[in-house]
Amino acid sequence: MKAMILAAGRGERMRPLTDHLPKPLLSVGGKPLIVHHIERLKAAGITDLVINHAWLGQRLVEQLGDGSALGVQIAWSAEASALETAGGIIQALPLLGSEPFLVVNGDTWIAADYRLFASQPLGDDLAHLWLVDNPAQHPHGDFALHGDRVLDTPGLTFSGVGLYHPQAFAEYGPGARKLAPLLREWMASGRVGGSHLKADWRDIGTPERLNQLDHELQASGLAR
């Protein structure tokens, strides 16, 4: 299985931290957010990675290179300007191959065993999403779970982790495109499965949340 880490966003709410550094390179626990993902993907046996970039993307390439220092292989998907989530995935499809692939947001923190994601069968679904309990800043959530089906009603929060079949994106052309409208189309046809991820998940959307997580990791001794 291949995995794509989304790393093209500007991180407006993280300014001024992101004025000179792409958001996934912000450090918590002694290492960049994106490196935590890479290490967990590797531990799950996923070493063939695709990473997209736009804002200050060269900084990502310079720091991570081809991934060999971390024991993985990285293919880069450069965007002249950020294409939104679905647009970024669509551009990267030639790098992702013909089998289902995992997508992870590079600016989140997930304290979970990523083998959970790697072992999830997709079956006839177009996507499988992992939903989490709603954080304080997003109390109403995004989608609901009914059994193993994801429904387009508020309930839980989409973690940003999803398993997708490349065919799901085949009918959409290139260019900037958000993911949520596509997910809702697929939900309407009953082809989006889901799971409730019960793990420490954080949307690192503000400097305060970044500092809070870093403080917790330092205090717990989990920092590198």
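Residues numbered from 1 in each chain as written. Predicted model: local features only at pLDDT ≥ 70, side-chain atom pairs only at ≥ 80, totals over all residues. Heavy atoms only, no water.

1. Digging into unusual backbone geometry
Here is step 1 of the chain: With phi around 50°, Leu56 is a residue other than glycine that occupies positive phi space.
Here is step 2 of the chain: Turning to its location among the elements, Leu56 is positioned in the loop between strand E4 (48-53) and helix H2 (57-64).
Here is step 3 of the chain: Residue classification places Leu56 among the partly exposed residues on the basis of a relative accessible area of 27%.
Here is step 4 of the chain: Phi at Glu84 takes a positive value of approximately 65°, unusual for a residue other than glycine.
Here is step 5 of the chain: Looking at the element boundaries, Glu84 is found in helix H3 (residues 84-96).
Here is step 6 of the chain: Since its relative accessible area comes to 40%, Glu84 is described here as partly exposed. (Helix = DSSP H or I, 4+ residues; strand = E, 2+ residues; numbered from the N terminus. Buried < 20%, exposed > 50% of the residue type's maximum accessible area, 1.4 Å probe, protein only.)

2. Focus on the layout of surface pockets
Here is step 1 of the chain: The calculated volume of the largest pocket comes to roughly 1100 Å³.
Here is step 2 of the chain: Listing elements by their share of the lining of the largest pocket, those giving two or more residues are H3, strand E6 (101-105), strand E10 (149-164), helix H5 (180-188) and strand E12 (200-203).
Here is step 3 of the chain: In terms of residue count, the dominant contributor to the lining of the largest pocket is E10 (five residues).
Here is step 4 of the chain: Tallied by class, the residues present in the lining of the largest pocket amount to 16 nonpolar, twelve polar and eleven charged.
Here is step 5 of the chain: Quantified by volume, the second largest pocket comes out at close to 160 Å³.
Here is step 6 of the chain: Along the walls of the second largest pocket sit 13 residues, with Asp133, Asn134, Pro135, Trp201 and Arg202 positioned nearest its centre.
Here is step 7 of the chain: A per-element tally of the lining of the second largest pocket places E12 first, with three residues.
Here is step 8 of the chain: Residues that form the lining of the second largest pocket fall into these classes: five nonpolar, three polar and five charged. (1 Å grid on protein atoms, 1.4 Å probe; cavity = no way out; pocket = protein on both sides within 12 Å on 5 of 7 lines; lining within 4 Å. Points joined across faces, edges and corners; volume = space filled by probe spheres on them. Nonpolar A, V, L, I, M, F, W, Y, C, P; charged D, E, K, R; others polar.)

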